[in-house]
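# Survey of secondary and tertiary structure
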Amino acid sequence: MQDLSSVHTSKQTKLWLQEHNVNVMHDWPPKGPDMNPVENVWAELVRRLEIHWRQTGVRNRDQLWEDVLQVFHELPKEYFENLIRSMPRRVRTVSSKHGGWVKY
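Looking up the protein in an unreviewed UniProt entry gives the name Transposable element Tc1 transposase, with the organism given as Trichonephila clavata.

Encoded structure:
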């Protein structure tokens, strides 16, 4: 989803979405809170990769990709389950702080 923040939009993407009749939310607040749990996964991957690289170092691009895959596959299933379970609470929090209405 594009949140209308200039750093998350591009003319090419907007054109592609229009050409393929993809419905988008045009009233999403720019620079609003990011509710996508993938952001949490990226942050955790970076944290774990930094630890891994302090021990092993980064040698080349191929090794970088192998390290990313290794660290991703080491994330426990419970990590993802907790992210999913946290969504109703996170939506309520954002809704209450930003004037929306969400019933759970």
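Moving on from the model shown.
### Some details on the confidence of the model for the protein
Looking at the protein, the pLDDT average stands at 82 and 76% of residues meet or exceed 70. Looking across the protein, the model is least confident in helix 1 (residues 11-19), with a mean pLDDT of 86, and most confident in helix 3 (residues 61-74), with 93.

### Some thoughts on the packing of helix 2 (residues 38-56) against helix 3
Two elements in contact, helix 2 and helix 3, have axes separated by 10 Å at closest approach and are oriented at 115°. In terms of crossing hand, the pair formed by helix 2 and helix 3 is right-handed. Contacts between helix 2 and helix 3 pair Val 41, Leu 45, Arg 48, Leu 49, His 52 and Trp 53 from the former with Leu 64, Asp 67, Val 68, Gln 70, Val 71, Phe 72 and Glu 74 from the latter. Of the residues in the contact of helix 2 with helix 3, the class split is eight nonpolar, two polar and three charged.

### Concerning the packing of aromatic side chains
Counted according to the given criterion, the structure contains two aromatic pairs. With 5.9 Å between their ring centres and 65° between their planes, Phe 72 and Phe 80 make a pair best called edge-to-face. Classification of Phe 72 by relative accessible area gives partly exposed; the value is 34%. Here the aromatic rings of Tyr 79 and Phe 80 are separated by 5.5 Å at their centres, their planes lie at 80°, and the arrangement is edge-to-face.

Each value, and the rule that gives it
All residue numbers refer to positions counted from 1 along the written sequence of the respective chain. With pLDDT at 70 or above as the cut-off, local features in this predicted model cover only qualifying residues; side-chain atom pairs require 80 or more to be listed or tallied, and sums for whole chains, interfaces and linings still use all residues. Excluding hydrogens and water, the side-chain values take into account all heavy atoms of the structure. Confidence of the predictor at the level of single residues is given by pLDDT, which spans 0 to 100. Segments assigned H or I by DSSP are reported as helices when at least four residues long, segments assigned E as strands when at least two residues long, and all are numbered from the N terminus. An axis is simply a line fitted to the C-alpha atoms; with a helix, the fit covers only the stretch in contact. Between two such axes, the angle follows the N-to-C directions and lies from 0 to 180 degrees. We call a crossing left-handed when the near helix sits turned anticlockwise from the far one by less than a right angle, and right-handed when that turn is clockwise. Two residues qualify as a contact provided that any one of their heavy atoms is within 4.5 Å of a heavy atom in the partner residue. Gly falls in the polar group here, along with every residue not listed as nonpolar (Ala, Val, Leu, Ile, Met, Phe, Trp, Tyr, Cys, Pro) or charged (Asp, Glu, Lys, Arg). Here the aromatic set is Phe, Tyr and Trp, taking the six-membered ring for Trp, and pairing holds for ring centres within 6.5 Å; pairs whose planes are under 30 degrees apart are stacked, those over 60 apart are edge-to-face, and all others are tilted. Using a 1.4 Å probe on the protein chains alone, a residue whose accessible area is under 20% of its type maximum counts as buried, one over 50% counts as exposed, and one in between counts as partly exposed.

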